[in-house]
Amino acid sequence: MDFDLSEEQAILKQSVERMLERHALPRGGRELWRDISDMGLTALPFPENLGGLGGSSVETMIVMEAFGRALVLEPYVPSVILGGACLMHGASLQLRDAFIPGVVDGSLKLALATAEIGSGFSQTAIETRAIESAGGFVVTGRKCVVLGGDEADWVVVSARTGGGAGDETGVTLFIVNAASEGVTRQLYRTQDNQGAAEISFDGVHVTREHIIGAIGGGMSVLSRAVDTGIAALCAEAVGVMSRMHEMTLDYIKQRKQFGAPLGANQALQHRAAEMFIALEQARSMAIYAAIMVAEEDAGNRGRGIHAAKAEIGRAGRLIGEQAVQLHGGIGMTSEYPLGKYYKRMTMIDLTFGDADHHLAELARKGAMVGLL
Amino acid sequence: MKLTLDPQDLAFREEVRAFFREQVPAATRRTLVEGRHVSKDQMVEWIRILHAKGWAVPHWPAEHGGTGWDPLRQYIFLEELQRTPAPPPLPFGVNMVGPVIYTFGNAEQKARFLPRIANMDDWWCQGFSEPGAGSDLASLTTRAVRNGDRYVVNGQKTWTTFAQYANWIFCLVRTDLQVPKQRGISFLLIDMRSPGVEVRPIVTIDGGREINEVFLTDVEVPIENLVGEENKGWDYAKFLLGNERTNIARIGISKFRIDRIRELAAGQMSNGKPLLEDERFLEKLAAIEIELKALELTQLRVVTEEAKSGEKGRPSPASSILKIKGSEIQQATTDLLMRIMGVHAMPYHAEPRPGSNEANIEPADAAMVAPNYFNFRKVSIYGGSNEIQKNIIAKAVLGL
Ligand SMILES: Cc1cc2nc3c(=O)[nH]c(=O)nc-3n(C[C@H](O)[C@H](O)[C@H](O)COP(=O)(O)OP(=O)(O)OC[C@H]3O[C@@H](n4cnc5c(N)ncnc54)[C@H](O)[C@@H]3O)c2cc1C
């Protein structure tokens, strides 16, 4: 057992934090993306033979926690983590060679388009269809809340080539150029100011070479990619939560009412302690997610990720809501940074299923039996 | 012991329900169903409809336009109004400054202000909180110095709801620095158009524009705008805050929101069936509904007790229970409404720009669910925060 960072990991953490300090809130924009790729963070999770740095999920965790603390808005998760995982775990060698160098140097951005109106948090209850035609497939359907979809050059999209809504088999992943004929995008920001899009595919022609994974077997790639994304979001959430807790602690030490700091009230001391407990439990589960995501057994991996996302979602809600509460009126203002963290945390909870969803999924799959 | 309404009260409920069904302007109702803010014009239009019916200020004394309903009927009225949903009368006029004026004001003030509150000719806002005086309201520092027939007021109020619409503000101001803080406070009515009043908007976390800072710089206020006696303002404020808390349970609003939750959950799919048929979802909904039922009965116990004792609107420890539970349920319902919509809650739907032909982000029903969830964190902060309410229960009720 060893929870310490290695020397290289400690250096990574420090240099990411230093780099982010040079940018002001809200942390987004071209220059930040350039710094992120110049530092090699876009190369981090890819193998060395493809120009990557061969980092593990622990390195990703370190970076994501720093991103959470700094509230980075750039599409690192959509492009590098989700897009990257789809390529690494399912794409042909030709596709990897074609796309990974661009992702690695930051010049190419990817996004993952799965959710639809009516799909809920399910990856399989989709209606987007791909029908075989000369030399490939024709994709038709509409994808919702594609994070990073506003800037993505290429989009990995899930579509049904067989089976019916809810079936595990019959889902196929395609990588589609966002400038293809028949692709239309409605661009917007999310509640927490991330870039996103609704993307319609209206008879979009895709060649067979642009299929990721097996035809009809996309779910094994997709669930692995989503698990990887969730592990990264868990680490980001820990960064977000730790900042909210610090800000709250500072505030109740300094703000005075009734002639004493707010923090002199035992009711608030206990509240701050509960937030701290939730934060440490969440931190443990983010570490668990980083380890479990590398697990080859898909069943165990999935349950580990459900457990982590459920814990993170619940802790995040508690910490976010209480951070606002303990700040009083100030916590309700958009100018004060706390609200931005709180909204980011809430959106992380809703991404790829909220705490209740993951708790229910974990229960359905036999809970933690064998993992304790 | 019985939990049903008498036939007369049932008939009364039917009457008000039918009135709301027919009279609330469709666009206004729609605005509320979608979780948007009603505009100033929508608000005024609706209050004038209520006023024409004689129902704008039911709880006021009959001589000032009240209906003479007992507390139970007042409660039924408010619950039906909220559940319709119709815009609840703005509390600052009808629940806060109105009762202070008819209880502590002089004859001229009553004649001058009360009819205009009932018809919403004036829009009032509440100037209590200051940057340094929130929970500890009595530490407020806005100064009013008597100078001949006027006060000169200097200071800053904050979190002032809808000050941008208001033409009057009622303020707590410090008129004596030499005495313990509660005893040097006065209650002043200030015309917002006076020179030296400046309103600056504060954007809330949901992107909303409902609160403001109000700066008062050498504002001259005629002494006839002092309510009651100088330095007695704290007593009037306590009376006012007691009224605020009894109206804060908002059971009708939570019932409306539960109706809305059922409506939207019927249209959202989960594991191949509507969410409304999903057992785990129904458990969550049921847990909220149980709390709401309990709160409704608690509220009705308070209301019938008031009806018997004839002591209306007296601040009581029960109001702290109503405030805490009412706010928790409002927060639970806005949270669940957001979760129903899942990822569709994530897009930020900017207000459509005039002349814009940009399409809505679908599903349109999801547009306000996240902002409403964020916005409703306020209900456990204002009106005496939930922590302060618990302090009151612990001290005043439990003797701790
Ligand atoms: C949306 C909104 C609208 C508002 N509208 C108005 C308005 O129209 N007019 C107006 O005058 N005011 C208004 N307010 C102000 C509101 O009444 C104050 O925010 C409230 O009184 C809390 O004060 P504060 O914000 O200064 O927080 P603080 O008093 O600084 O409190 C911060 C936190 O500490 C807790 N706390 C404080 N003291 C204690 C204690 N002794 N024991 C335990 N916990 C404690 C509080 O519960 C809170 O969680 C509004 C506020 C909001 C958010």
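Residues numbered from 1 in each chain as written. Chains lettered and ligands numbered in written order. Predicted model: local features only at pLDDT ≥ 70, side-chain atom pairs only at ≥ 80, totals over all residues. Heavy atoms only, no water.

A. Up close: the interface of chain A and chain B. If you look at the interface, chain A gives 45 residues, while chain B gives 43 residues. Between chain A and chain B lies a buried interface of about 3900 Å² when both sides are counted; carbon and sulfur atoms form 58% of it. Of all residues in chain A, Gln191, Gln325 and Met332 of chain A give up the largest surface area on contact with chain B, accounting jointly for 18% of the area buried on that side. Remark: the boundary between chain A and chain B carries six salt bridges. Between Arg377 of chain B and Glu321 of chain A there is a salt bridge, and its shortest N-O distance comes to 3.3 Å. Counting across the chain A and chain B interface gives 24 residue pairs in polar contact (both at pLDDT 80 or more). Mapped onto the side of chain A that touches chain B, the elements with two or more residues apiece are strand E3 (136-147), strand E6 (183-189), helix H7 (266-292), helix H8 (298-327), helix H9 (338-350) and helix H10 (355-364) of chain A. For the side of chain A that touches chain B, the element with the most residues is H9 of chain A, which contributes seven residues. (Contact = heavy atoms within 4.5 Å. Buried area = accessible area lost by both parts, 1.4 Å probe. Salt bridge = Lys/Arg side-chain N within 4 Å of Asp/Glu carboxyl O. Polar contact = N/O pair within 3.5 Å; in protein donor to acceptor, adjacent residues only side chain to side chain. Helix = DSSP H or I, 4+ residues; strand = E, 2+ residues; numbered from the N terminus.)

B. Layout of the site of the ligand. The environment of the ligand is formed by 28 residues, the closest being Gln325 of chain A together with Ser135, Thr161, Ser385 and Glu387 of chain B. Arg255 of chain A is positioned such that a nitrogen or oxygen atom in its side chain is 2.7 Å from an oxygen atom of the ligand. At a separation of 2.5 Å, an oxygen atom of the ligand approaches a polar side-chain atom of Ser385 of chain B. When the ligand sits alone it has 970 Å² of accessible area, and the protein chains cover 94% of it. Looking at the shell around the ligand, the elements with two or more residues in it are H8 of chain A together with helix H12 (386-397) of chain B. Ranked by residues supplied to the shell around the ligand, first place goes to H12 of chain B with three residues. Partitioned by chemical class, the residues of the shell around the ligand number 12 nonpolar, 13 polar and three charged. (Near = heavy atom within 4 Å. Areas by Shrake-Rupley, 256 points an atom, 1.4 Å probe, with all protein chains shown as cover. Nonpolar A, V, L, I, M, F, W, Y, C, P; charged D, E, K, R; others polar.)

C. Examining the domain arrangement of chain B more closely. Here chain B is partitioned into domain 1 (7-89), domain 2 (124-233) and domain 3 (248-346 + 362-397). Each of domain 1 of chain B and domain 2 of chain B has a C-alpha centre, and the two are 30 Å apart. (Domains from an automatic or database assignment.)

D. How the structure looks around the pattern of salt bridges. Residue and element names in this part refer to chain A. Inspection of the entire model under this criterion finds 51 salt bridges over all chains. Glu151 is the salt-bridge partner of Lys109, the closest N and O atoms lying 2.5 Å from each other. Residue Lys109 is located in the loop between helix H5 (93-105) and strand E1 (110-113), and its partner Glu151 is located in the loop between E3 and strand E4 (154-160); the two are separated by 42 residues in the primary sequence. In this structure, the salt-bridge partner of Arg224 is Glu296, at a minimum N-O distance of 3.5 Å. Placement of Arg224 in helix H6 (residues 218-254) and of Glu296 in the loop between H7 and H8 is noted, with a sequence separation of 72 residues between them.

E. Seen up close, the packing of helix H4 (residues 71-83) of chain B against helix H8 (residues 251-267) of chain B. Residues and elements named next belong to chain B. The contact between H4 and H8 brings their axes to 7 Å, and the two run at 30°. Here H4 runs over H8; the crossing is right-handed. Listed contacts from H8 to Tyr75, Glu79, Gln82 and Arg83 of H4 are Ile251, Gly252, Ile253, Lys255, Phe256 and Asp259. Looking at the contact of H4 with H8, its residues break down into four nonpolar, two polar and four charged. (Axes fitted to C-alpha atoms, helices over the stretch in contact; angles between N-to-C directions. Left-handed = near helix turned anticlockwise from the far one by under 90°.)

F. Focus on the pairing of strand E3 (residues 150-157) of chain B. All names here are of chain B. Where strand E2 (residues 143-147) and E3 come together, five bridges link them in antiparallel fashion. Along E3, the bridge assignment pairs Ala144 with Val153. Two successive antiparallel strands, E2 and E3, enclose a turn made up of two residues, where Gly148 displays a positive phi of approximately 65°. Examined bridge by bridge, E3 and strand E7 (residues 211-222) share seven bridges and lie antiparallel to one another. Its bridge partner being in E7, Lys157 is matched across the sheet by Val214. (Pairing = 2+ DSSP bridges.)

G. A look at the state of the cysteines. Inspection of every chain in the model, using the stated rule, returns zero disulfides over all chains. There is no disulfide at Cys171 of chain B, and the cysteine sulfur nearest it, in Cys125 of chain B, is 7.4 Å away. (Disulfide = S-S within 2.5 Å.)

H. The packing of aromatic side chains, seen in detail. On inspection of all chains with the given rule, the structure shows 27 aromatic pairs over all chains. Measuring from centroid to centroid gives 6.1 Å for Tyr342 of chain A and Tyr373 of chain B, while their planes differ by 45°, and the two rings are tilted. One end of the pair, Tyr342 of chain A, is in helix H9; the other, Tyr373 of chain B, is in helix H11 (residues 369-375), on a second chain. No difference in accessibility class separates Tyr342 of chain A from Tyr373 of chain B, as the two residues are buried. Taken together, a centroid distance of 5.5 Å and an interplanar angle of 25° make the contact between Phe162 of chain B and Tyr165 of chain B stacked. A residue is classified by how much of its surface remains accessible, and Tyr165 of chain B, at 25% relative accessible area, is partly exposed. (Phe/Tyr/Trp six-rings, centres within 6.5 Å; stacked < 30°, edge-to-face > 60°. Buried < 20%, exposed > 50% of the residue type's maximum accessible area, 1.4 Å probe, protein only.)

I. Structural view of the pairing of strand E5 (residues 185-191) of chain B. Residue and element names in this part refer to chain B. For E5, the tally of buried residues reaches six of seven residues, placing the bulk of the element in the interior. Pairing of strand E4 (residues 168-174) with E5, which is carried by seven bridges, proceeds in the antiparallel orientation. Each residue of the ladder has a partner; that of Phe170, found in E5, is Leu189. Of the strand pairs in this sheet, E5 and strand E8 (residues 226-227) are connected by two bridges, and their pairing is antiparallel. Looking at E8, one finds that Phe187 is bridged to Val227.

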